[in-house]
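Geometric and topological summary
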Amino acid sequence: MALGGILTVAANLIWLERRLLALWQDRYGPNRVGPFGLFQTIADAIKMFLKEDWIPPFADKAVFVLAPCIINATALLSFAVIPFAPGVQVMDLGAGLLFLLAMSSLGVYSVTLAGWASNNKYALLGGLRASAQMLSYEVYMSLSLMGVVLMAGSLNLSEIVKAQEGMWFCIPQCVGMALFFIAGIAETHRLPFDLPEAEAELVAGFHSEYSSMKFGMFFIGEYIGITLISALTALLYFGGWSGPLFGLSENLAPFVQFGWFALKTFILIGFFILLRASMPRPRYDQLIEFGWKAMLPLSLLNLLVTGAVVLALE
Amino acid sequence: MNTAFYIASAVAVFATAKVVTHTNPVHALLYFIVSLLAVALIFFCLGAQLAALFEVIIYAGAIMVLFVFMIMMLNLGTDTALREAQLFSPGIWIGPSVLSGLLLFELAVLFIQGEPQSASNAAMVSPKDVALSLFNTYFLGVELASMLLLAALVGGFHLGKRDQAEELPGEVK
Amino acid sequence: MYEQYAHVLIFGMIATVIVVAPIVLFALIRPVRPSSEKLSPYECGERPVGEPWVQFNIRYYVVCIIFIVFEVEVLFMLPWAVVFNAFRDGGQNLQAAAGELKNLQGATGLIVFLEMLIFLVVLAVGLAYVWAKGHLEWIRETTKGPELLD
């Protein structure tokens, strides 16, 4: 159920993104297939299924097939610890946040191996860029989470949501939230941080040689990643399933709580897409230096200041 | 849980054997990653959630990426695979195999004599328990670790420092 | 306790089926028409020159090493963040949380905070050192002019 939901959401995000981008760029998006072009995704999927699916003879075959599977497996597995509403989750792991970090660190292999196995210069460079970027921004992501963990005193996502009963963490942790979201964009290598697949310089980066459903898996994997980061931001900083009236969320019916969670997630996804529509792409050296010189010191400071404030408020 | 433990152990042993015998370095590394994940699962079965996740994050997720980078950087291609294949002539592997076989036999004897600890009677250790002892009893170790990390940080950056003149031909910048 | 892990197993299996099924099923009706042009590596229509598995810049490797250093650091800090609150209120809700590990040995919130402060300062020294040395610049000025981007 949940899985089908996630995949459908991820697939229809492609439609949503194209429509929203079109809206912000003052043009029509896909609007021919079905009402408002809603069935565009289905048409795309059928097209993708029916395309020739070839493995280049110069590629390392086993690794070439494995790479797109990794990105999907890690992204989908991450959803196992996401609580959609109180008690509605696949696995209530005590160290849920760590599990998410572990999954995202395994996701790096997908791009590295895809770039290597393709045996193509563009793909190798794209894969390298992608892995270096994902590695460094993963550190900043986990560092920026630390403030939330400190305030909630738990690694369990449900407990973190419960700790936000009085006030959503987006207020005391606004710096952490900004850092987390930036790192999340870099982690999913979305625009403006889509340097691994900068089409002007690297064709399509690590998935240059991929076609048909294997390309589709990278594509879907990217959108699952966006959904995941948005859902996480909603959970960690915007109170998850609780409504805007603090303290009343306990009495809500589960589907209303799920509705709040979904609404928040979708607003954040919309923000993701808005960023794509409005931000230019930085150079690669700017990206890496921004990480070391801004993200890293800021996230460390954020942790220390949070700790000091929590201590002082005693 | 015992079944999960045995399956994970079998996977770990098989994958590690493949690491040693595989001739393609990248494929061998992939088996290595699988082996580490299996070990993480074993930790999990034994009730050490945190250790399992750390194993995945640090070993499988970080150090192995370094290995993959290394192999990509050294540009190990088909000739390496051929050379590796030649390594497996009996004269080379028989000696070490006999010796490690002896060790394995010894281990088996020890296990049969002693009471083997079953995986299922291990208690779950929550992240909180680990953290409490880490920052209470063993906090000196944490500070020492920070010194070690400092050395690693400086050393790592110095590794990357290199004059333009030394750069190898054919390098992509 | 372990029941929920069975859910994960089922979740994982369904995920695998969903991902693998379209590839296997539609492989039956997909066209397969290879040609020599199609089978060459894509380089914008040019014939590829040289080995594609090239040696690349060592800086990617350095990024990886730094990543490991900070990842280890993160793993020290996460448990700290988890128990910080517990130490702060003098271990009142610790009893329930920690079971037999009640012996706090007089550790208070301030002491635990200072522990982490020392930990971070040591690392900050390292970061400041490499920053001052200019190792954080991706493009480095050398005697032969600035290095090119990757």
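Residues numbered from 1 in each chain as written. Chains lettered and ligands numbered in written order. Predicted model: local features only at pLDDT ≥ 70, side-chain atom pairs only at ≥ 80, totals over all residues.

Here we take up the overall build of chain A. In terms of helices and strands, chain A carries eleven helices and zero strands. Each helix and strand of chain A, ordered N terminal to C terminal, gives the series α-α-α-α-α-α-α-α-α-α-α. Burial analysis of chain A (314 residues in total) assigns 58% to the buried set. (Helix = DSSP H or I, 4+ residues; strand = E, 2+ residues; numbered from the N terminus. Buried ≥ 20, exposed ≤ 12 C-beta atoms within 10 Å, placed from the backbone.)

Turning our eyes to something else, we now look at the overall build of chain B. Scanning chain B for helices and strands turns up seven helices and zero strands. Seen in sequence order, chain B has helices and strands lined up from the N terminus as α-α-α-α-α-α-α. A burial count over chain B gives 25% of its 173 residues as buried. A separation of at least 24 residues holds for 63% of the contacts in chain B among residues at least 6 apart in sequence. (Contact = placed C-beta atoms within 7 Å.)

Attention shifts here to the packing of helix 4 (residues 96–117) of chain A against helix 3 (residues 49–74) of chain B. Packing of helix 4 of chain A against helix 3 of chain B leaves a shortest axis separation of 8 Å and a crossing angle of 15°. Judged on the interaxial angle alone, helix 3 of chain B and helix 4 of chain A are roughly parallel. Once helix 4 of chain A is placed against helix 3 of chain B, the crossing between them reads as left-handed. Contact with helix 4 of chain A, carried on its side by L98(A), F99(A), L101(A), A102(A), S105(A), L106(A), V108(A), T112(A) and W116(A), involves L53(B), V56(B), I57(B), A60(B), G61(B), A62(B), V65(B), V68(B) and M72(B) of helix 3 of chain B and no other residues of that element. A per-class count over the contact of helix 4 of chain A with helix 3 of chain B returns 15 nonpolar, three polar and no charged. (Axes fitted to C-alpha atoms, helices over the stretch in contact; angles between N-to-C directions. Parallel < 35°, antiparallel > 145°, perpendicular 65-115°, else oblique. Left-handed = near helix turned anticlockwise from the far one by under 90°. Nonpolar A, V, L, I, M, F, W, Y, C, P; charged D, E, K, R; others polar.)

The subject of this paragraph is the packing of helix 7 (residues 174–187) of chain A against helix 11 (residues 284–312) of chain A. Residue and element names in this part refer to chain A. It is the contact of helix 7 with helix 11, at a shortest axis distance of 10 Å, that shows an interaxial angle of 145°. When you trace helix 7 past helix 11, the crossing you get is left-handed. Between helix 7 and helix 11, the residues in contact are V175, G176, L179, I182 and A183 and M295, L298, S299 and N302, respectively.

Of all hydrophobic cores here, the largest spans 159 residues; its most connected members are V149(A) and L53(B). Tallying contributions element by element places helix 5 (residues 121–152) of chain A first for this core, with 21 residues. Shared between two domains, this core takes at least three residues from each, and those domains are domain 1 (2–123) and domain 2 (126–164) of chain B. Discounting chain neighbours no more than four positions away, the residues touching L53(B) are A95(A), L98(A), F99(A) and A102(A). (Core = buried A, V, L, I, M, F, W, Y, C linked by C-beta atoms within 7 Å. Domains from an automatic or database assignment.)

We now examine helix 2 (residues 25–45) of chain B. Spanning 21 residues, helix 2 of chain B covers 30 Å between terminal C-alpha atoms, matching the ideal 30 Å at 1.5 Å per step. In the stretch just after helix 2 of chain B, G47(B) is the one whose phi turns positive, near 95°. (Expected span 1.5 Å × (residues − 1).)

Glancing now at the environment of P127(B). Positionally, P127(B) belongs in helix 6 (residues 127–134). Judged by the 22 C-beta atoms lying within 10 Å of it, P127(B) is buried. Residues P127(B) and L50(B) lie 77 residues apart in sequence; the distance between their C-alpha atoms is 5.8 Å. Sequence-distant contacts of P127(B), defined by excluding residues within four places in its chain, comprise G94(A), A95(A), L155(A), Q49(B), L50(B), P79(C) and V82(C).

Residue and element names in this part refer to chain B. Chain-level statistics for chain B give a pLDDT mean of 75 and a share of 76% at 70 or above. No element of chain B has a lower mean pLDDT than helix 4 (residues 78–87), which averages 65, and none a higher one than helix 2, which averages 85. Interface confidence for the predicted complex, expressed as ipTM, amounts to 0.72; the pTM equals 0.78. (pLDDT = per-residue confidence, 0-100.)

Averaged over all residues, the pLDDT of chain A is 75; the fraction at 70 or higher stands at 71%. The lowest-confidence element of chain A is helix 8 (residues 199–202) of chain A, averaging 59 in pLDDT; the highest-confidence one is helix 7 of chain A, averaging 85.

Residues and elements named next belong to chain B. Mapped onto the secondary structure, A8 falls in helix 1 (residues 2–21). Sequence separation between A8 and L53 is 45 residues, and the spatial gap between their C-alpha atoms is 15 Å. The contacts of A8, once residues within four sequence positions are left out, are A38, L41, I42 and C45.

Here we come to the environment of Q164(A). Residue and element names in this part refer to chain A. One can find Q164 in the loop between helix 6 (157–162) and helix 7. When the C-alpha positions of Q164 and I71 are compared, they lie 31 Å apart, and in sequence the two are 93 residues distant. Those residues within four positions of Q164 in sequence are excluded, and the remaining contacts are F169, G239 and S242.

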